[in-house]
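Listed below, chain by chain, are the residues.
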Amino acid sequence: MSNIITSYYKSPVGELILGVFNDQLCLADWRYRKQRDRIDHKIQKNLESVFKVGNHPLLSKTKLQLKGYFQGTLKKFDLPILLIGTDFQKSVWQELQTIPYGERLSYISLSRKLKNEKAIRAVASANAISIIIPCHRVIGANGSLTGYAGGLQAKKNYFN
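Residues numbered from 1 in each chain as written. Predicted model: local features only at pLDDT ≥ 70, side-chain atom pairs only at ≥ 80, totals over all residues. Heavy atoms only, no water.

A.B. asks: Explain the pattern of salt bridges to me, and be specific about the residues and the numbers.
C.D. replies: Counted by the stated rule, this structure contains four salt bridges. Two residues, R33 and D29, come together in a salt bridge whose shortest N-O distance is 3.0 Å. Across the pair, D29 and R33 agree in class, each one buried. Notably, a salt bridge pairs D29 with R36, separated by 3.1 Å at the nearest N-O pair. Each of D29, R33, R36 and D40 takes part in salt bridges that share partners, so that together they form one network. (Salt bridge = Lys/Arg side-chain N within 4 Å of Asp/Glu carboxyl O. Buried < 20%, exposed > 50% of the residue type's maximum accessible area, 1.4 Å probe, protein only.)

Given below as structure tokens:
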């Protein structure tokens, strides 16, 4: 069985678990989120691999870019990403990556772009590559902050 090399990163808003598989980032998510076990199981099952704490150049590069993002010096990530999900989930995550730094998009606007107004929140909540895939830039139709795996305080105070 293959390994997903994992490591932890302490951000200003909470600890992240990072994972690399075949030289691609497959995990950058909140270590203590509610769905942690379910998401970890899905990743390991789909990749037919297990988590193993270790070092990898991409983990170091990811940590460096996250540090730059939180310091305000990095506006766009440049990392090879492995999306694990259905075709529709992948289309959502790809669309999320088009939201520019400092801008917001409502859930309803995102769902209309993807022509599926019913499934969007469930798909967004299954994102295993937080921050780098900027689900924190998605807001309610009335401009309010809505659910975020890293917590609404983090979404309010730290993210662009």
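A.B. asks: Describe the sheet that holds strand β3 (residues 24-30), listing the residues and the values that go with them.
C.D. replies: In any sheet, the strands associate via hydrogen bonds between backbone groups, in a parallel or an antiparallel arrangement. Ordered by their spatial adjacency, four strands build an open sheet running β3-β2-β1-β4, and the pairing between neighbours is mixed. Every interior strand has two partners, whereas the edge strands, β3 and β4 (49-53), have only one. The average angle at which neighbouring strand axes cross in this sheet is 30°, direction not considered. Both strand β1 (residues 2-11) and strand β2 (residues 14-21) contribute to a ladder of seven bridges, which runs antiparallel. The residue of β2 that forms the bridge with T6 is G19. Along the sheet, helix α1 (residues 36-47) contacts β1, β2, β3 and β4; its crossing angle with β3, the most-contacted strand, is approximately 170°. On the sheet, helix α2 (residues 57-71) packs against β1, β2 and β3 and is oriented at approximately 25° with respect to β1. (Pairing = 2+ DSSP bridges. Helix = DSSP H or I, 4+ residues; strand = E, 2+ residues; numbered from the N terminus. Axes fitted to C-alpha atoms, helices over the stretch in contact; angles between N-to-C directions. Contact = heavy atoms within 4.5 Å.)

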